[in-house]
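Topology and contacts: notes
Listed below are the residues making up each chain.
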Amino acid sequence: MARAAVFAELRAGRPGAVGIGLALGAVVLLGLIAAHAMETEGHVITGMTNRVVWGMPHVFAIFLIVAASGALNVASMASVFGREAYKPLSRLSGVLALALLLGGLAVLVLDLGRPDRLIVAMTHFNFRSIFAWNIFLYTGFVAVVGAYLVIMMSPRWAARVKTAGTVAFLWRLILTTGTGSIFGFLLARPAYDSAILAPLFIALSLVFGQAAFLLVLLGLARFDGRPVGDQLVTRLARLLGLLAAVALYFTALQHLTALYAPARAESARFVLVEGGIYTLLFWGHVLIGGVAPMVLAWHPAYAGRRGPAILAAALALIGGMVQIYVIVIGGQVQPLPLFPGLIVEGGVLDGGVAPYAPSLPEFGLGLGGVALALLGVALAARFLPLLPLRLADD
Amino acid sequence: MNGAADPARRDFLARLGGAAATLALAPGLTLMAGPAEAKASGGRRWGLLIDLTRCASGCEGCVKACGEENGWAGAGRPATDAQWIRKVTVKDRKSGASAGLPVLCQHCAEPPCVDVCPTGASFKRADGVVLVDKHICIGCRYCMMACPFGARSFVHEDVTDQKPHAPRGKGTVESCTLCVHRIDKGGQPACVEACAKEGGAMIFGDLNDPQGALGKALARGLAARLRPDLALGQGVLYRGL
């Protein structure tokens, strides 16, 4: 890839294009129908309750927003850290970041009890709220990455790419710090209440974004019949394996520090040992989203092979969704420690493990957000010169 | 009520001040808006003392009274029905000794719900009462995530039989208002009134007034707050645990 890359839009009339577009559009429509039902009927049609107040839509939304930040990895590697090999991929990296954020925000907004009051959220701010800060971080991300993309795609601004890339890189670190802090600032819940959640979320973003990028890149290239070299694919996967290790490190730290503090140990034991389905999901994610991608990316037996690299990315995404589910839902089903050290019993709000079963509208809304993100990338790639014609290894 | 001004006149002025921000939903039904502070005096801090030695374990008088007063009697779906006040039982793991107590919004001096609310819909009046401005609540439920006491409810479905003094709205969050519509007229919260007919475990009053009923009751012995480790300075105190 020493030669300057030639970028081009996806070609028109590729077989399956209409089918893919319609399928994604249908899922987006399904999401809108689900959101409409939730608004007209109320959240009573979801699995959410007064105890598990954030449900499956939040799992999808947080997953997408965290992944959005990480999708910028590749562009940052090129613009900020000078890795030339990633330069031809930077445009797609930026567009994917925007699309994932758009999908996540759509889910988050449509899950509100009053989505019609979005304008209120945009005009009334409480600056003590990390949530309010996140509104600025999200809209700022769109502006910063948008400007970065324009600069990257305009040859006359080539000298500004590094500056724009650095701003975008710093912005996304702050953005994910903000997302993690939404949970980290919840002082009353032992499952959260930890500064470690901010760096943990940054580590997760690197994994989700890298994995999503790898799969989207290969999907688009395959769709348009563009060659992608095995070396490039495995290089992306090796980085993914490294990032998965970093995420596992922070996950381990999260639970070990909690185990050390008596007030939080019960919550950590819940996730690690006693939490039934949540424990199962936790260790499942360690295996699927952590260990497996590391092995697939780094084991000599798989070196240079494309199949294991793709599998590593897919497993990292599945494991990532599971991990966010354990964090968001597993953190809420545990009883609030009204009286630390004493057993609290009562109605549905107190004691025991709260039941939660995500409903179809919740999945509909969440998947709608995923489809919206994918549709956004597909349309952008169709109408903008995002990808080089050749990504072969020569 | 130690305010010297004529209550009717004060009421009128407060209405005048809030007119711009208070929306009439229907004849006789308005939503509470920002300038509710107009009625709250910064010199007072409303609070409650709950004496657990007088709170009978099977008694749900306060819960029933609150539901009737504020119109949140449920649709028969406990997981999603509103619960502004509830009875919980706490037990010692080893001895099995237990006590029952009502848990409601604790009207914190440093309310986490107010801190985390992105739009400022969760707010604290000058007299310490923590409320939700239902005009600007977007239904994000972050306050419910932040409340250490599970005191807030999200309205999960259409509501009927609303009380004009306690408007509710599907898709917004709500909690105990300390019956502001009563206490602003010099009355007592409905739960306290109901409790007086049962065990008389609840004493309402001004935490800043050592000569008032609450001040005197608090002087008679130590009372504690839930989760003292969080240092939230709640207006609701418990004795006898």
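This write-up is about the structure you can find in this document. Nothing here was measured: the structure is a model prediction, and the numbers come from that model. (Residues numbered from 1 in each chain as written. Chains lettered and ligands numbered in written order. Predicted model: local features only at pLDDT ≥ 70, side-chain atom pairs only at ≥ 80, totals over all residues. Heavy atoms only, no water.)

**Overview of the overall build of chain A**
The helix and strand tally for chain A stands at 13 helices and 3 strands. Here chain A has a C-alpha radius of gyration of 21 Å; the compact-globule value for 394 residues is 21 Å, and the two agree. Referenced to the eigenvectors of the C-alpha coordinate spread, the extents of chain A come out at roughly 70 × 50 × 40 Å. A burial count over chain A gives 56% of its 394 residues as buried. By sequence separation, contacts in chain A at least 24 residues apart represent 80% of the contacts at least 6 residues apart. Of the roughly 16,000 Å² that chain A leaves accessible, carbon and sulfur atoms contribute 72%. Chain A carries 25 positive and 16 negative side-chain charges, and their two centres are separated by 14 Å. (Helix = DSSP H or I, 4+ residues; strand = E, 2+ residues; numbered from the N terminus. Rg over C-alpha atoms; globule rule 2.2 N^0.38 Å. Buried < 20%, exposed > 50% of the residue type's maximum accessible area, 1.4 Å probe, protein only. Contact = heavy atoms within 4.5 Å. Areas by Shrake-Rupley, 256 points an atom, 1.4 Å probe, with all protein chains shown as cover. Lys, Arg positive; Asp, Glu negative; His and termini not counted. Charge placed at Lys NZ, Arg CZ, Asp CG, Glu CD.)

**Quick look at helix α6 (residues 190–197) of chain B**
Where α6 of chain B is concerned, the buried positions are Ala 190, Cys 191, Val 192, Ala 194 and Cys 195 of chain B. Buried-residue contacts for α6 of chain B involve β3 (46–51), α2 (61–70), β4 (85–91), α5 (180–183) and β10 (202–206) of chain B.

**Details of the nonpolar core**
With 181 residues, the main nonpolar core has Phe 183 of chain A together with Tyr 142 of chain B as its most contacted residues. Looking at this core element by element, the count peaks at 17 residues for helix α8 (residues 197–224) of chain A. Beyond its immediate stretch of four places on either side in the chain, Phe 183 of chain A contacts Trp 54, Ile 62, Tyr 192, Asp 193, Leu 197, Phe 201 and Val 328 of chain A together with Met 145 of chain B. (Core = buried A, V, L, I, M, F, W, Y, C linked by side-chain atoms within 4.5 Å.)

**Quick look at the side chain of Ser 153 of chain B**
In this structure, Ser 153 of chain B sits in strand β8 (residues 153–154). With a relative accessible area of 1%, Ser 153 of chain B lands in the buried category. Here Gln 83 of chain B takes part through its backbone nitrogen, which lies 2.9 Å from a polar atom of the side chain of Ser 153 of chain B. Not counting residues up to four positions away in its chain, the partners in contact with Ser 153 of chain B are Asn 50 of chain A together with Ala 82, Gln 83, Trp 84, Met 144, Thr 172, Val 173 and Glu 174 of chain B. (Polar contact = N/O pair within 3.5 Å; in protein donor to acceptor, adjacent residues only side chain to side chain.)

**Overview of the interface of chain A and chain B**
Tallying the contact residues gives 52 residues for chain A and 52 residues for chain B. Buried area between chain A and chain B, summed over both chains or domains, comes out near 4,300 Å², and the portion from carbon and sulfur atoms is 58%. Ranking the residues of chain A by area buried against chain B places Asn 50, Leu 338 and Phe 339 of chain A at the top, with a combined share of 15%. For the interface between chain A and chain B, the tally reads 5 salt bridges. (Buried area = accessible area lost by both parts, 1.4 Å probe. Salt bridge = Lys/Arg side-chain N within 4 Å of Asp/Glu carboxyl O.)

**Overview of the sheet that holds strand β5 (residues 98–104) of chain B**
Spatially, 3 strands are ordered β2(A)-β4(B)-β5(B) in an open sheet, and the strand pairing comes out antiparallel. Edge positions in the sheet fall to β2 (343–345) of chain A together with β5 of chain B, since each has one partner strand and no second. Shown here is a sheet whose adjacent strand axes are inclined to one another by a mean of 30 degrees, direction ignored. As paired strands, β2 of chain A and β4 of chain B are joined by 3 bridges and run antiparallel to one another. Considered in β4 of chain B, the bridge of Ile 343 of chain A is made with Lys 91 of chain B. Across the sheet, α2 of chain B lies against β4 and β5 of chain B, angled at about 160 degrees from β4 of chain B, the strand it touches most. (Pairing = 2+ DSSP bridges. Axes fitted to C-alpha atoms, helices over the stretch in contact; angles between N-to-C directions.)

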